[in-house]
Amino acid sequence: MQRSAARRRTRLLGAVCATAAGVALTLSGCGRDTGPTGPGTPTAPVARLGYADDLRIADAEQRLVTRCMAEHGFRFWERRGPSLEESRPVGYVQDDVDWARAHGYGSRIMAKEDRARLRDPNPAYRDSLSASRRSAYDTALDGGRSAPVLSTREPGGGTVRKQSGGCTAEAERALYGDPLTWFRTDTTAGNLRPLYVGKLLHDPEFTRAVRDWSRCMGRAGHPFADPGAARRAARDHAAEQSTAEEARTFAAEVTVAVADARCARAVSLRAVGERREAHYLGRLPADLLRTLARYDRLRRDALTRAEKVVPARA
């Protein structure tokens, strides 16, 4: 099953992702706040969804696919993924000390997700079907080889295509409305980072806050230039570890992550980053800002529909 592009990529709004000298920058908000504002913003900001809302939409999509596949005579197991707490975005700025103390940078959560993917019963179920039933399964799930292909342009100029059919398309239609409108809007919203993130990475206020964070970490005994470097170091270990080795590396990860969160809070790194992100987002061309507003509206509509399909995660 093709996952929604919104979940294949890190969310843009409230999250900046970029690569500079091999460092990934991500500022992930975890609550409801408002969209970008600034000179040239064509519409009033729309309240953004939090990660719990995203999770509920994803759960609803899985439930709708499961129901649709049953109508076609096939089984489909919902992939619910990690818990609500475990699903919290871990971005470039992670300033929740309690979460860091429990989960570090989330390495055990990622390992848990990897194990769940390996145990996904859907591929094995498909493989157990006869050739004709496998073909029927594929057609029911995503339209098979004859499914229509949606196409749109990225803001940077590339072309993105997506096969859209079967129960996957029906689930998206039930949540987002017209599949092509959603695909175009989602693709644009998810590919705006290269248009402004370079400016953010060199923004004087933001880089000053990162330097303050680095000095704080140095005083705590963790000499890292930025949060990305701290995270890479904490996760740098052998792929295969014994139980004792994993326990030691996780303890070291937690130590660094807790210091990271404390220093991020001490220098208000998240607040500075989100404020400067909003500054640059608000100066994107008006047509892109209108697309971002449409993206938020489509997702809020999807949440309203999802609330009728599945309960919120506890």
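The rules behind each value
- Residues numbered from 1 in each chain as written.
- Predicted model: local features only at pLDDT ≥ 70, side-chain atom pairs only at ≥ 80, totals over all residues.
- Heavy atoms only, no water.
- Helix = DSSP H or I, 4+ residues; strand = E, 2+ residues; numbered from the N terminus.
- Contact = heavy atoms within 4.5 Å.
- Areas by Shrake-Rupley, 256 points an atom, 1.4 Å probe, with all protein chains shown as cover.
- Core = buried A, V, L, I, M, F, W, Y, C linked by side-chain atoms within 4.5 Å.
- Buried < 20%, exposed > 50% of the residue type's maximum accessible area, 1.4 Å probe, protein only.
- Disulfide = S-S within 2.5 Å.
- Pairing = 2+ DSSP bridges.
- Lys, Arg positive; Asp, Glu negative; His and termini not counted.
- Salt bridge = Lys/Arg side-chain N within 4 Å of Asp/Glu carboxyl O.
- Polar contact = N/O pair within 3.5 Å; in protein donor to acceptor, adjacent residues only side chain to side chain.
- Expected span 1.5 Å × (residues − 1).
- Axes fitted to C-alpha atoms, helices over the stretch in contact; angles between N-to-C directions.
- Parallel < 35°, antiparallel > 145°, perpendicular 65-115°, else oblique.
- Left-handed = near helix turned anticlockwise from the far one by under 90°.
- Nonpolar A, V, L, I, M, F, W, Y, C, P; charged D, E, K, R; others polar.
- pLDDT = per-residue confidence, 0-100.
- Phe/Tyr/Trp six-rings, centres within 6.5 Å; stacked < 30°, edge-to-face > 60°.
- Lys NZ or Arg CZ within 6 Å of the ring centre and 35° of its normal.

Caption draft 1: Representation of the overall build of the protein. Helices and strands together make up the secondary structure of the protein, namely 14 helices and 4 strands. Within the protein, counting contacts between residues at least 6 apart in sequence, those at least 24 apart form 73% of the total. Of the roughly 15300 Å² that the protein leaves accessible, carbon and sulfur atoms contribute 51%.

Caption draft 2: Representation of the nonpolar core in the model. Of all hydrophobic cores here, the largest spans 63 residues; its most connected members are Ile 57, Met 69, Tyr 137, Leu 175, Trp 213, Met 217 and Leu 269. Broken down by element, the residue count for this core peaks at 9 residues, all from helix 12 (residues 243–266). Those residues within four positions of Ile 57 in sequence are excluded, and the remaining contacts are Leu 49, Leu 175, Tyr 176, Arg 299, Ala 302, Leu 303 and Ala 306.

Caption draft 3: Representation of the state of the cysteines within the structure. Applying the stated criterion to the full structure yields 2 disulfides. Across the disulfide, Cys 68 is cross-linked to Cys 167 (sulfur-sulfur distance 2.1 Å). Across the disulfide from Cys 68 to Cys 167, rotation about the S-S bond amounts to roughly -75°, and the bridge is consequently left-handed. Of this pair, Cys 68 sits in helix 2 (residues 51–71) while Cys 167 sits in helix 7 (residues 166–176); the two residues are 99 residues apart in sequence, bridging distant segments of the chain. Assessed through its relative accessible area of 1%, Cys 167 is described here as buried.

Caption draft 4: Examining the pairing of strand 4 (residues 159–163) more closely. As paired elements, strand 3 (residues 149–153) and strand 4 share 5 bridges and run antiparallel to each other. Paired with Ser 151 across the two strands is Arg 161, which belongs to strand 4. Adjacent in sequence and paired antiparallel, strand 3 and strand 4 are bridged by 5 residues, among which Gly 157 carries a positive phi angle near 115°.

Caption draft 5: Highlighting the side chain of Asp 260. Note that Asp 260 resides in helix 12. Buried charge without a partner: Asp 260 forms no salt bridge, and the closest opposite charge is Arg 231, 4.2 Å away. Among the polar contacts listed, one links the side chain of Asp 260 to the side chain of Tyr 105, at a separation of 2.7 Å. In this structure Asp 260 touches Gln 94, Tyr 105, Trp 213, Met 217, Pro 227 and Arg 231, once residues within four positions along its chain are discounted.

Caption draft 6: A look at helix 2. For helix 2, spanning 21 residues, the distance from its first C-alpha to its last is 31 Å, which sits close to the expected 30 Å at 1.5 Å a residue. Within helix 2, 16 of the 21 residues are buried, which leaves the element mostly enclosed by the surrounding structure. Backbone geometry just downstream of helix 2 places Gly 73 in the positive-phi region, at approximately 90°.

Caption draft 7: Representation of the side chain of Asp 95 in the model. Considering the arrangement of structural elements, one finds Asp 95 in the loop between helix 2 and helix 3 (97–103). When near neighbours in sequence (up to four residues on either side) are disregarded, Asp 95 contacts Ala 261, Ala 264, Arg 265 and Arg 270.

Caption draft 8: Main features of the packing of helix 10 (residues 204–219) against helix 13 (residues 269–281). Put simply, helix 10 and helix 13 touch, their axes get as near as 9 Å, and they point 165° apart. By the criterion of interaxial angle, the relationship of helix 10 to helix 13 is roughly antiparallel. Crossing handedness for the pair helix 10 and helix 13: left-handed. Packed against helix 10, whose contacting residues are Glu 205, Phe 206, Ala 209, Val 210 and Trp 213, the element helix 13 presents Leu 269, Val 272, Gly 273, Arg 275 and Arg 276 at the interface. A class-by-class count of the residues in the contact of helix 10 with helix 13 yields 6 nonpolar, 1 polar and 3 charged.

Caption draft 9: Spatial organisation of the confidence of the model for the protein. On average, residues of the protein carry a pLDDT of 85, and 85% of them reach 70 or more. Per-element mean pLDDT across the protein ranges from 29 in strand 1 (residues 18–20) up to 98 in helix 10. Here residues 1–26 scores under 50 on pLDDT; set against residues more than four positions off or in separate chains, the count is 92 contacts. When the criterion is pLDDT under 50, residues 28–46 qualifies, and its contacts beyond four places in sequence or with other chains add up to 57 contacts.

Caption draft 10: Looking closely at the packing of aromatic side chains. Summed over all chains, the structure comprises 6 aromatic pairs. When the centroid spacing of 5.4 Å and the interplanar angle of 70° are considered together, the rings of Trp 77 and Tyr 125 count as edge-to-face. With Trp 77 in the loop between helix 2 and helix 3 and Tyr 125 in helix 5 (residues 121–127), the pair connects residues that are 48 residues apart, well separated along the chain. We classify Trp 77 as partly exposed; its relative accessible area is 26%. Under the relative-accessibility criterion, Tyr 125 is labelled buried at 16%. In this structure an aromatic cluster arises from ring pairing among Phe 74, Trp 77, Tyr 125 and Tyr 137. Sitting above the plane of the Phe 250 ring, Arg 108 keeps its charged end 3.8 Å from the centroid.

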